[in-house]
Amino acid sequence: SAPHRRHTRSPLSSCGLRKMMEVEEKETKASLMQQKLEDIKALEESNLDKAIKSYKELIATEDPEREIINEKTTAIYALGELYAQRGRYEDLRNFIVDTRPFFSTIAKAKTAKILKELLNIFAQIPNTEKLQAEFCKETITWCEKEGRSFLKQRVQARLASLLLDMKQYKDALALINKLVRDVKKIDDKILLVEISIVESRIHLALKNNPKAKGSLTAARSAANAIYCPPSLQAEIDIQSGVLCSEEGDFKTAYSYFFEGFEGFDTSKNWVKAKQCLKYMLMVKIMTNNSADVYNIINTKGSSDKYAGIEIQAIKAIADAHKARSIHQFADVKKKYSEVLTKDWFISTHLNALEDNLLVQNLLRLIEPFSRVEIEHVAKLIDLPREQVEAKLSEMILEKKLHGILDQGSGNLILFEEASEDKTFKAGLDTIKELGNVVDKLQAKAQRVLLA
């Protein structure tokens, strides 16, 4: 007869059971930490000091198995944001320094990512560029001691950007040139793109547009060789738009700013996206398309992420430009001076707009006259006589106005614009061609005689 077989369920191995228990324990620990983070977040408004203390305790929690690194990272970002929102830059700086022991327990790439984000949080506090630069220098020294060249180069790139913002162009350029050489040796394309963009911005600030374009071309070449993150591609686009604006190509600039806006919006970098939106509106005003400004504000600027005093200021500029009113322009500049002057791009083009509007108004007012008192022109435009006189002198020198200023009588004497007589030019061209014919005939005659 067939042998009797015993059918038994194979027991779970002790090794597999232990692994399951470890996974469950790890998930439980992580979920407990997440719940603790939510509880601390709720404390921020009611008991700030206790919330700060709780965040620090969570970050300092012993974690030999590295089970709660993500939760600790979240706590680091949350505490950094808390200090930045309250403007406590010294506490934020000390906190980043105190976090260094945690960095030694995680991967170097992860450390670079966390520190980069903390520096971005630090940058949210206004008027702290000098403190940020000092902190970057301290961090570079620490990186050299710890042998963290990967992190050091990224902090150096941030320091160069800060030196640019502080208008220390010579130091920024020297640092960037050294950094470019070092990064090319290790062939870090992503960092090379970032550095090339900063280098382009430095050259643009120094009014060296050819070199600025060269650096931007280098950034594009490096970006084409790798996968370029949307936020980094958007940085290239915004710099391209700025350079096109400097050359007066505002239509192309708008397309670059639009691409930059989409990139930053996708990356959820609302600050940079808002900057692109402002530049989009500004170039539309520069091309006399005020109607498009209102459409863009209604479609993109109406979102809570972008609505605010900065967009209101650009809209006020569009209103003044549409009304062709010098005084309205002056009122807008006075009302929104803090917002408009902190961005060099907006400030520069706003001054160009105002200057162009003043020229157009003056030309319209003096058009009926052949001789007019400067004082009368000043009354018509309702501006100080000295300002009007200086502007008229500038217009005459730039040949925007055909006339002279009679200082003795205080009059502006206008001349009729002489129409170009094409007869003289045609006569000169004919004589020149005849001269060429005579020269050729002479050369031919000499060859015949010599033969």
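You'll find the structure just up there.
About the criteria used
Residues numbered from 1 in each chain as written. Predicted model: local features only at pLDDT ≥ 70, side-chain atom pairs only at ≥ 80, totals over all residues. Heavy atoms only, no water. Helix = DSSP H or I, 4+ residues; strand = E, 2+ residues; numbered from the N terminus. Buried < 20%, exposed > 50% of the residue type's maximum accessible area, 1.4 Å probe, protein only. Lys, Arg positive; Asp, Glu negative; His and termini not counted. Salt bridge = Lys/Arg side-chain N within 4 Å of Asp/Glu carboxyl O. Contact = heavy atoms within 4.5 Å. 1 Å grid on protein atoms, 1.4 Å probe; cavity = no way out; pocket = protein on both sides within 12 Å on 5 of 7 lines; lining within 4 Å. Points joined across faces, edges and corners; volume = space filled by probe spheres on them. Nonpolar A, V, L, I, M, F, W, Y, C, P; charged D, E, K, R; others polar. Core = buried A, V, L, I, M, F, W, Y, C linked by side-chain atoms within 4.5 Å. Expected span 1.5 Å × (residues − 1). Disulfide = S-S within 2.5 Å. Axes fitted to C-alpha atoms, helices over the stretch in contact; angles between N-to-C directions. Parallel < 35°, antiparallel > 145°, perpendicular 65-115°, else oblique. Left-handed = near helix turned anticlockwise from the far one by under 90°.

What follows concerns the side chain of Asp-237. Among the structural elements, Asp-237 can be located in helix α12 (residues 230–246). Put simply, Asp-237 is tucked away with no salt bridge, and the nearest opposite charge, on Arg-220, sits 6.2 Å away. Setting aside anything within four residues of it in sequence, one finds Asp-237 in contact with Tyr-256, Glu-259 and Gly-260.

Glancing now at empty space enclosed by the protein. Remark: the empty space left among the atoms is shown by a probe the size of a water molecule rolled over them. Taken as a whole, this structure holds one cavity of 30 Å³ or more when the rule is applied. Reported here for the largest cavity is a volume of approximately 40 Å³. Looking at the largest cavity, the residues that line it are Lys-278, Glu-310, Ala-313, Ile-314, Val-339, Leu-340, Asp-343 and Ile-346. If you list the elements that add at least two residues to the lining of the largest cavity, you get α16 (309–323) and α18 (337–341). Considering each element in turn, the lining of the largest cavity owes the most residues, three residues, to α16. Partitioning the lining of the largest cavity into residue classes produces five nonpolar, no polar and three charged.

Let us now look at the pattern of salt bridges. One pass over the full model with this rule turns up 24 salt bridges. One salt bridge connects Asp-182 with Lys-178, and the closest N-O pair in it is separated by 3.2 Å. Of the two residues, Asp-182 and Lys-178 are both situated in helix α9 (residues 169–186); the distance of four residues between them amounts to about one turn of the helix. By relative accessible area, which is 23% here, Asp-182 ends up partly exposed. Of the residues examined, Lys-178 reaches a relative accessible area of 39% and is grouped as partly exposed. Beyond isolated ion pairs, a larger network of salt bridges with shared partners links Lys-274, Lys-278, Glu-310, Lys-342 and Asp-343.

Turning next to the nonpolar core. With 130 residues, the main nonpolar core has Phe-257, Ile-317 and Val-388 as its most contacted residues. Here Val-388 is in contact with Leu-362, Ile-374, Val-377, Ala-378, Ile-381 and Leu-383, once residues within four sequence places are set aside.

Turning to the layout of surface pockets, a few remarks are in order. Here the second largest pocket defines a volume of roughly 350 Å³. Around the second largest pocket, the lining comprises 16 residues; the ones closest to its centre are Ile-59, Ala-60, Lys-72, Pro-101 and Phe-102. When residues of the lining of the second largest pocket are traced back to their parent elements, those giving at least two are α2 (48–59), α3 (69–85), α4 (89–98) and α5 (100–103). Of the residues contributing to the lining of the second largest pocket, the split by class is seven nonpolar, three polar and six charged.

The end-to-end C-alpha distance of helix α10 (residues 189–205), which contains 17 residues, comes to 24 Å, matching closely the 24 Å that a straight helix rising 1.5 Å per residue would cover. Counting buried positions along α10 gives 12 out of 17 residues, so the element sits mostly inside the fold. Along α10, the residues classified as buried are Leu-191, Leu-192, Val-193, Ile-195, Ser-196, Ile-197, Val-198, Glu-199, Ser-200, Ile-202, His-203 and Leu-204. Contacts from the buried residues of α10 go to α8 (149–165), α9, α11 (209–224), α12 and α19 (344–366). Immediately beyond the C-terminal end of α10, within one or two residues, lies Lys-207, with a positive phi of roughly 65 degrees.

So, on to the state of the cysteines. Should the sulfur atoms of two cysteines be covalently bonded, the bond is a disulfide. Overall, the coordinates contain zero disulfides when judged by the stated rule. In this structure Cys-136 is a free cysteine whose sulfur lies 9.9 Å from that of Cys-143, the closest cysteine sulfur available. In this structure Cys-276 is not part of a disulfide, and its nearest cysteine sulfur, from Cys-244, lies 13 Å away.

Now for the packing of helix α7 (residues 129–146) against α8. Look at α7 against α8: their axes get within 9 Å of each other, and the N-to-C directions meet at 160 degrees. As far as their axial angle goes, α8 and α7 are roughly antiparallel. By crossing handedness, the relation of α7 to α8 is classed as left-handed. For the pair formed by α7 and α8, the contact residues are Glu-129, Gln-132, Ala-133, Cys-136, Lys-137, Thr-139, Ile-140, Trp-142, Cys-143 and Glu-144 on the first element and Leu-151, Lys-152, Val-155, Gln-156, Arg-158, Leu-159, Leu-162 and Asp-165 on the second.

That is the geometry; function is a separate question.
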